[in-house]
Amino acid sequence: MNNANYRKVSLLEVRKQARQTFRKDIKGNIALNIFPIILRFIGMYFMVKIYTQWFANLGINISNTQQATEQLTKIMQKMSSSPEAASKYVLTLTPATSLAIYAFTLFFLMICIGVSYTLVDYMRNPDSQINALKGSLQVFSSQYFFPVVMLLVILGFFVEAGLAIYIIPGIWFMLMFSQIFLVFKDNLNNTGKWSLRSAFGSFSGSSRLMRGYKFSLLLLGIEFFFWEILNLMTSELLSIWLHPYEQLTLAAFYQKITESKE
C-alpha cells in the first residue's frame with residue numbers, strides 16, 4: 001500500500017464534492033437518475049409482492065402481528081428440531097421469476113453505469129450541461145453495450161466465486177474490481193476503440209487504482225448500507241435524494257483516487 005497516496009484522498013472531501021455537485025444542479029441530477037429511481041420503486045413493489053406471497057404460503061398473516069409471531073415461532077421450532085425440513089420454508093422462485101430478476105438487475109446496473117459515466121465527465125467539466133436522457137442511457141450505445149455486459153458478467157462470476165469460498169473474498173473482489181467500468185471508459189476515451197484485451201485490462205487497472213483505497217470504499221459502502229435501511233423504511237421515497245447522492249459520491253471517489261495516482 002502506498003500510504004502517501006492513501007492520505008491524499010479524504011472521504012470528507014469526496015462527500016463534500018458530491019454535495020456541492022448535487023446542490024449545483026439538483027433538478028439535473030435527479031433527472032439524470034430518474035430511470036434508476038423509478039426502477040427502484042418497481043423493484044420494491046415486486047419484492048413486497050414476492051415476500052407477501054411467501055408469507056401467505058407459510059400461513060403467516062403479516063397484518064396480524066400476534067398470529068405472525070406465533071406462526072414464525074412454530075416454524076423456527078420445526079426447523080430446529082428437524083433441520084432437513086427447513087427446505088419447505090425457504091423462499092423459492094420459479095425459473096421465469098429468477099430470469100426476470102436477473103434481467104431487471106442487469107438493466108438497472110447498466111443504467112447506473114451510464115449515470116456514473118455522465119457524472120465523472122461532468123465533474124471533469126463543470127461548465128458542461130447534463131443531458132439526462134442521453135447520459136443515463138449511453139451504455140446502450142454500440143461502443144459500450146457489449147463490453148459493459150461482458151464486464152458485468154465477469155465481475156459477477158468473480159464476486160459469486162469469492163462469496164462461495166467465504167464472505168470476505170467476495171467483498172474483497174467487489175472492492176478491488178469496483179472501478180472496472182470507469183477505468184474501461186477512460187481507456188476507451190484515450191484509445192478511441194475497445195478490444196478484449198483492453199476490456200480485461202480494466203480489471204488489472206481497477207486493482208492498481210484501488211491499492212490503498214479499499215478500506216475507504218468499504219466505509220462508503222457501510223454508510224450507504226445504513227442509508228438504504230432508512231430508505232426501506234420510507235418505501236424507497238428517500239431514494240429520490242439518496243440514489244443521486246450515492247452516484248455522485250462514487251463518481252467523486254473515482255475522480256479523487258484517479259487524480260491521486262497521476
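Right above here is the structure, for reference.
Participant: Account for the overall build of the chain, with residues named and values stated.
Facilitator: Each helix and strand in the chain was counted, giving 13 helices and 0 strands. Counting from the amino terminus, the chain carries its helices and strands in the arrangement α-α-α-α-α-α-α-α-α-α-α-α-α. Along the longest, intermediate and shortest principal axes, the C-alpha atoms of the chain span 60 × 40 × 40 Å. Taken across its 262 residues, the chain has 40% of its residues classed as buried. For the chain, the share of sequence-separated contacts (at least 6 apart) that also reach a separation of at least 24 residues comes to 76%. Put simply, the chain shows about 15200 Å² of open surface, and 66% of that area lies on carbon and sulfur atoms. One finds the centroid of the 23 positive side-chain charges in the chain at a distance of 4 Å from the centroid of its 14 negative side-chain charges.

Participant: Describe in detail the side chain of Thr21, supporting the description with residues and values.
Facilitator: Relative to the assigned elements, Thr21 resides in helix H2 (residues 11-24). Within polar-contact distance, the side chain of Thr21 engages the backbone oxygen of Gln17 at 2.8 Å.

Participant: Mind laying out the packing of aromatic side chains, listing which residues take part and the relevant values?
Facilitator: The full count for this structure, using the stated rule, is 17 aromatic pairs. The positively charged end of Lys185 is found above the aromatic ring belonging to Tyr117, 5.8 Å away from the centroid.

Participant: Go over the environment of Val120, please, and point to the residues and values.
Facilitator: Relative to the elements of secondary structure, Val120 occurs in helix H6 (residues 95-124). Assessed through its relative accessible area of 1%, Val120 is described here as buried. Sequence separation between Val120 and Ile180 is 60 residues, and the spatial gap between their C-alpha atoms is 14 Å. For Val120, the contacting residues outside a window of four places in its chain are Leu182, Ala251, Tyr254 and Gln255.

Participant: A description of the packing of helix H8 (residues 145-165) against helix H11 (residues 196-209) should follow, citing residues and the corresponding values.
Facilitator: Viewed as axis vectors pointing N to C, H8 and H11 meet at an angle of 40 degrees, and their least axial separation amounts to 11 Å. Between H8 and H11, the crossing angle belongs to the class labelled oblique. Relative to H11, the crossing made by H8 is right-handed. Contact residues: Met150, Leu151, Ile154, Leu155 and Phe158 in H8; Leu196, Ala199, Phe200 and Phe203 in H11. Per-class residue counts for the contact of H8 with H11 are 9 nonpolar, no polar and no charged.

Participant: So, H2: which residues are in play, and what are the values?
Facilitator: Its 14 residues place the ends of H2 20 Å apart at the C-alpha level, agreeing with the 20 Å of an ideal helix rising 1.5 Å per residue. For H2, the capping residue at the N-terminal end is Ser10, with a side-chain oxygen 3.2 Å from the backbone nitrogen of Leu12.

Participant: Hey, could you go over the pattern of salt bridges for me, with residue numbers and the actual values?
Facilitator: Side-chain pairs of opposite charge can arise where the charged atoms are in close proximity. If you walk through the whole model with that rule in mind, you get 6 salt bridges. A salt bridge links Arg40 to Glu228, with the shortest nitrogen-to-oxygen separation between them at 2.5 Å. With Arg40 in helix H4 (residues 34-57) and Glu228 in helix H12 (residues 214-233), this residue pair connects regions lying 188 residues apart in the sequence. On the accessibility criterion, Arg40 (11% relative accessible area) is buried. Exposure remark for Glu228: the relative accessible area of 22% places this residue in the partly exposed category. Residue Lys185 is joined to Asp121 by a salt bridge in which the shortest nitrogen-to-oxygen separation is 2.8 Å.

Participant: Mind laying out the nonpolar core, listing which residues take part and the relevant values?
Facilitator: Grouped together as the largest cluster of nonpolar side chains are 53 residues, with contacts concentrated most on Tyr117, Val148, Phe181 and Phe253. Taken together, the elements giving at least two residues each to this core come down to H2, H6, H8, helix H9 (167-176), helix H10 (180-191), H11, H12 and helix H13 (239-261). Counting residues per element, this core draws most heavily on H6, at 11 residues. Every residue in contact with Val148, bar those within four places of it in the chain, is listed here: Met110, Ile113, Tyr117, Val139 and Phe181.

Participant: So, H13: which residues are in play, and what are the values?
Facilitator: Along an α-helix, residues three or four positions apart point the same way, because every turn accommodates 3.6 residues. Compared with an ideal rise of 1.5 Å per residue, which puts 23 residues at 33 Å, H13 spans 32 Å between its outermost C-alpha atoms and is within 8% of the ideal. Across the 23 residues of H13, 17 count as buried, placing the element largely inside the fold.

Participant: Which residues make up unusual backbone geometry, and what values go with them?
Facilitator: In this model, Ser235 sits at a positive phi of 55 degrees, which is unusual for a non-glycine residue. Relative to the helices and strands, Ser235 is located in the loop between H12 and H13. The exposure class assigned to Ser235 is partly exposed, which follows from its relative accessible area of 44%. If you check the backbone angles, Glu236 has positive phi at about 75 degrees while not being a glycine.

Rules used in this analysis
Residues numbered from 1 in each chain as written. Predicted model: local features only at pLDDT ≥ 70, side-chain atom pairs only at ≥ 80, totals over all residues. Heavy atoms only, no water. Helix = DSSP H or I, 4+ residues; strand = E, 2+ residues; numbered from the N terminus. Buried < 20%, exposed > 50% of the residue type's maximum accessible area, 1.4 Å probe, protein only. Contact = heavy atoms within 4.5 Å. Areas by Shrake-Rupley, 256 points an atom, 1.4 Å probe, with all protein chains shown as cover. Lys, Arg positive; Asp, Glu negative; His and termini not counted. Charge placed at Lys NZ, Arg CZ, Asp CG, Glu CD. Polar contact = N/O pair within 3.5 Å; in protein donor to acceptor, adjacent residues only side chain to side chain. Phe/Tyr/Trp six-rings, centres within 6.5 Å; stacked < 30°, edge-to-face > 60°. Lys NZ or Arg CZ within 6 Å of the ring centre and 35° of its normal. Axes fitted to C-alpha atoms, helices over the stretch in contact; angles between N-to-C directions. Parallel < 35°, antiparallel > 145°, perpendicular 65-115°, else oblique. Left-handed = near helix turned anticlockwise from the far one by under 90°. Nonpolar A, V, L, I, M, F, W, Y, C, P; charged D, E, K, R; others polar. Expected span 1.5 Å × (residues − 1). Salt bridge = Lys/Arg side-chain N within 4 Å of Asp/Glu carboxyl O. Core = buried A, V, L, I, M, F, W, Y, C linked by side-chain atoms within 4.5 Å.

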